Structure formats: C-alpha cells, structure tokens
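Each chain, written out:
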Amino acid sequence: AKSSGRGRVRYFNNAMRKKLKRQADIENDLQHGIKNDEFELYFQPIFTLNQPHIVSFEALVRWHHPKAGLVSPDDFIPIAEHTGQIIDLDLHLLHVAAAQLQQWRRAGNPTIRITVNVSSRHFASLDFVDFMRSLYIKYQLPNGTLCLEITESGLIENLTLATRIIHGLAPLGVKLYLDDFGTGYSALGYLHQLPIHTLKIDKSFIDKLTNKENPLVDAILSLAESLKLNVVAEGIENPKQWALLKRKGCQLGQGYLVSKPLPAQKAMALLIKHTEV
Ligand code: C2E
Ligand code: CA
Ligand code: CA
Ligand code: CA
C-alpha cells in the first residue's frame, strides 16, 4: 500500500509538473502573442427574438498560436486571469474591437454595436474610465456603441469602487452586460445597487429548456422585469428554445441557431443579409 501511495504521489507530481509547464508556456506565449498580433476577434450576433433582427455583436477572442494553431479562449483566458496578463490582453482587444467598429461604421453601417468581454479586474481602478474615454475619442465612436460584458464574481469584491467606475462609464453610454448570470454568487442585493443594463442568462439554463420548462429561467426573467433590466438568452441552439423564450417575453437571444461566432468579414455579410430581409 505504501509503494502504491508513493506511485500515486509520483504520478501526481508528474501531472502537476506538466500542468505547470503548460501554464508557464502559455504565460510566455501570451506575452509574444500580444506583441505579434496573434489574436483575432470573432463576432456572434445578438438578435431580437421577434424579428429576428441583429442588434449587436459579441466579440469573442481566438488565438492563432504559431505552433498550436487555433486556441480557444477557455484554454488561455483562465491562465491569463491567474497571471494578471488578462489586463493587457483585454486592453489590446478593446482597441481591436474599437478599430473594427470604426471600420464597419465607415463602410456604411452606422447603427452597429459591439460588446466586449472583459475581466472584472478592470473594475478595481478608475484608470479604466480614462482608458475607455480615450478609445471612444481615438476611434470616433458615438456614445453607447462599444459596451462591456463582465461576470458578477469580481464586482462584488469591491462594490463601492465598481459602482463608481460604472457610473464613470455612463457618460460614454457604455452599458454593462452581466455575463453567465445565475452561475455565480447571485447575491441579488447588489443587482439593485449596481447600474447594470442587461443580464445574460447562462447557456446551462437554456440547455435545459429543450424538453421541459425551467423555473429558473422564469425567475430570472421576472427578476429582470421588476428591476427594469434587459435580458439576453445565451446559447440558443434549437427552435423550441427560441419559441419558448419568446413566449415567456425574453426579448434578446444569441446562439448557434442563428450563428456561431464569425470572423469580421463574415459577420458583416450576415448583418447585411439580415438588414435586406
Ligand atoms: P462567454 O462570454 O460566456 O461566451 C459565450 C461562449 O459560448 C462562447 O465561447 C461562444 O462561442 C459560445 N456559444 C455561443 N452560442 C453558443 C451555442 O448556441 N452553443 C454552444 N455550444 N456554444 C455557444 P468561446 O468563444 O469559446 O468563449 C469562451 C469564454 O471565454 C467566454 O464565455 C468568455 O468568458 C471568455 N472570453 C472570450 N473572449 C474573451 C475576451 O476577449 N476577453 C475576455 N476577458 N474573455 C473572453
Ligand atoms: Ca460574454
Ligand atoms: Ca456567457
Ligand atoms: Ca461563459
């Protein structure tokens, strides 16, 4: 028993060492990746469940790693969060999103809007307000065209400062979308306190809608209604979910049923098609 225990320890150490090595590699590569412009934003439409009509795009990062190929965010965002590199990465991607927005606007799509995922770490310093203001100026963005998605966890840690930052962003029309809603703390008290614009119901709740009703979805929808918040249902994959959500009064949705996240050019083509219909 003793030797097998040691074996397990050795195995664990090996697995651990591999994991740490991988994390260290990614940490190094992230640094280069930002410098070498290896990151691309894909765009997934957010649409009204009635028409359907595209109202905005969510920007989702993809990494063209020189050796590993296309790397998905779930494989490096958590590490970047851990090392703190997420700050630089997010600021870089906000520039990329703002530049894309400016280009689309110049190409004749004046109503287009983008939401960008950012770490809640940004909501710990008022510098972020200045950064966003400088972006709006540099890329000549009309108020409210570049908005942010955040998850609830980090916000709650420093509610007072987060609230000041969100208020600081308000003159730019920057709206806050609360991501993965229902999966985090869900300490509802703060919802009342924070000037949140939209709740995004996590995909895990929408998944379960296919075969039967999900009382949690009803609860989130009525909560949003009483707090006067907009709602986006994430991860709509089939017409049943769509119909059910529409019937329940959910106004906005997102998911593979309408479109996967697309490279900028394809996203624009989709938008033009939807506008012509
Ligand atoms: P998220 O913000 O919750 O994004 C939604 C994820 O669900 C995306 O995965 C999207 O491609 C996927 N998705 C959307 N509709 C469907 C559907 O109908 N079915 C299925 N199966 N999946 C769907 P993705 O692009 O892999 O992104 C994963 C997560 O990585 C994001 O979750 C977000 O938390 C994070 N992330 C992505 N881009 C960025 C970024 O630029 N900055 C930061 N800080 N985080 C990012
Ligand atoms: Ca998101
Ligand atoms: Ca989400
Ligand atoms: Ca998520």
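Let me sum up the structure you'll find in this document. What you see is a predicted model; the values in this text were computed from it and never measured. (Residues numbered from 1 in each chain as written. Chains lettered and ligands numbered in written order. Predicted model: local features only at pLDDT ≥ 70, side-chain atom pairs only at ≥ 80, totals over all residues. Heavy atoms only, no water.)

1. What to know about the nonpolar core
Under the convention used in this document: For our purposes a nonpolar core is just a set of buried Ala, Val, Leu, Ile, Met, Phe, Trp, Tyr and Cys residues, chained together by side-chain atoms within 4.5 Å. Summary of the burial criterion: residues with accessible area below 20% of their type's maximum are buried, those above 50% are exposed, and those between are partly exposed, where the area comes from a 1.4 Å probe applied to protein chains only. Numbering goes from the N terminus for both helices and strands, where a helix is a DSSP run of H or I of at least four residues and a strand is a run of E of at least two.
Counting residues in each nonpolar core, the largest one holds 79 residues, and the members touching the most others are Leu94, Phe123, Met132, Leu146, Leu148 and Leu169. Sort the elements by how many residues they give to this core and helix H3 (residues 86–106) lands first, with eight residues. In terms of nonpolar packing, the next biggest core, distinct from the first, is built from five residues, Ile46, Cys147, Tyr177 and Val232 among them.

2. Topic: unusual backbone geometry
Residue Gln51 is joined to Pro52 through a cis peptide bond whose omega torsion reads -5°. Residue position: Pro52 is located in the loop between strand S1 (39–48) and strand S2 (54–65). In this structure, Asp37 is a non-glycine residue whose phi angle is positive, near 60°. One can find Asp37 in the loop between helix H1 (2–35) and S1.

3. What to know about the site of ligand 1
Our working rule: In these notes, residues near a molecule or strand are those with any non-hydrogen atom within 4 Å of it. We define a polar contact as two N or O atoms separated by no more than 3.5 Å, with the added condition that, inside protein, one atom must be a possible hydrogen donor and the other a possible acceptor, whereas residues neighbouring each other in sequence contribute only through side-chain atom pairs. Under the convention used here, a 1.4 Å probe and the Shrake-Rupley method define accessible areas, while residue burial counts only the protein chains that appear. Residues are grouped as follows: Ala, Val, Leu, Ile, Met, Phe, Trp, Tyr, Cys and Pro are nonpolar; Asp, Glu, Lys and Arg are charged; all remaining types, including Gly, are polar.
In the neighbourhood of ligand 1, 24 residues make up the surrounding shell, with Arg62, Asp90, Asp179, Glu237 and Tyr256 lying closest. Between an oxygen atom of ligand 1 and a side-chain N or O atom of Asn117, the distance comes to 3.1 Å. Here an oxygen atom of ligand 1 and a side-chain polar atom of Asp180 are 3.1 Å apart. The fraction of the free accessible surface of ligand 1 (800 Å²) that becomes covered by protein chains is 82%. Where the shell around ligand 1 is concerned, the elements lending two or more residues are S2, H3 and strand S6 (176–181). Top contributing element to the shell around ligand 1 by residue count: S2, with four residues. A class-by-class count of the residues in the shell around ligand 1 yields ten nonpolar, five polar and nine charged.

4. Things to note about the coordination of the calcium ion (ligand 2)
The cut-off we apply is this: Only N, O and S atoms count as donors, using a 2.8 Å cut-off from the metal and 3.2 Å for Na, K and Ca, and because water is excluded some sites may appear unfinished.
For the calcium ion (ligand 2), the protein coordination sphere consists of Glu58 (OE), Asn117 (OD1), Glu149 (OE) and Asp179 (OD), at 2.2 to 2.3 Å. Within one chain, the residues donating to the calcium ion (ligand 2) are spaced in sequence as E-x58-N-x31-E-x29-D. Here the calcium ion (ligand 3) and the calcium ion (ligand 2) are spaced 4.1 Å from one another, each receiving a donor from Asp179. Of the two residues, Asn117 is situated in strand S4 (residues 114–117) and Glu149 in strand S5 (residues 146–151); the sequence distance between them amounts to 32 residues. Residue Glu149 is classed as buried on the basis of its relative accessible area, which comes to 1%.

5. Digging into helix H10 (residues 239–247)
Because an α-helix packs 3.6 residues into every turn, residues spaced three or four apart end up facing the same way. We apply this condition: Two residues form a contact once any of their heavy atoms are found within 4.5 Å.
Taken together, the buried positions of H10 are Gln241, Trp242, Leu244 and Leu245. Each element contacted by the buried residues of H10 is listed here: S1, helix H8 (203–207), helix H9 (215–226) and strand S8 (230–233). With a side-chain oxygen lying 3.1 Å from the backbone nitrogen of Lys240, the N-terminal cap of H10 falls on Asn238. The first or second residue beyond H10 is Gly249, which carries a positive phi of 95°.

6. Let's talk about the pairing of S2
This is how it is decided: Strand pairing is assigned whenever DSSP detects at least two bridges linking the two strands.
Most of S2 sits inside the fold, with ten of its twelve residues counted as buried. Relative to S2, S1 is paired through nine bridges, and the arrangement is antiparallel. Paired with Pro45 across the bridge in S2 is Phe57. Where S1 folds back onto S2 in an antiparallel hairpin, the turn is made up of five residues.

7. Topic: the pairing of S5
Most of S5 is tucked away, with five of its six residues classed as buried. Examined bridge by bridge, S4 and S5 share four bridges and lie parallel to one another. Across the sheet, residue Ile114 finds its bridge partner in S5, namely Leu146.

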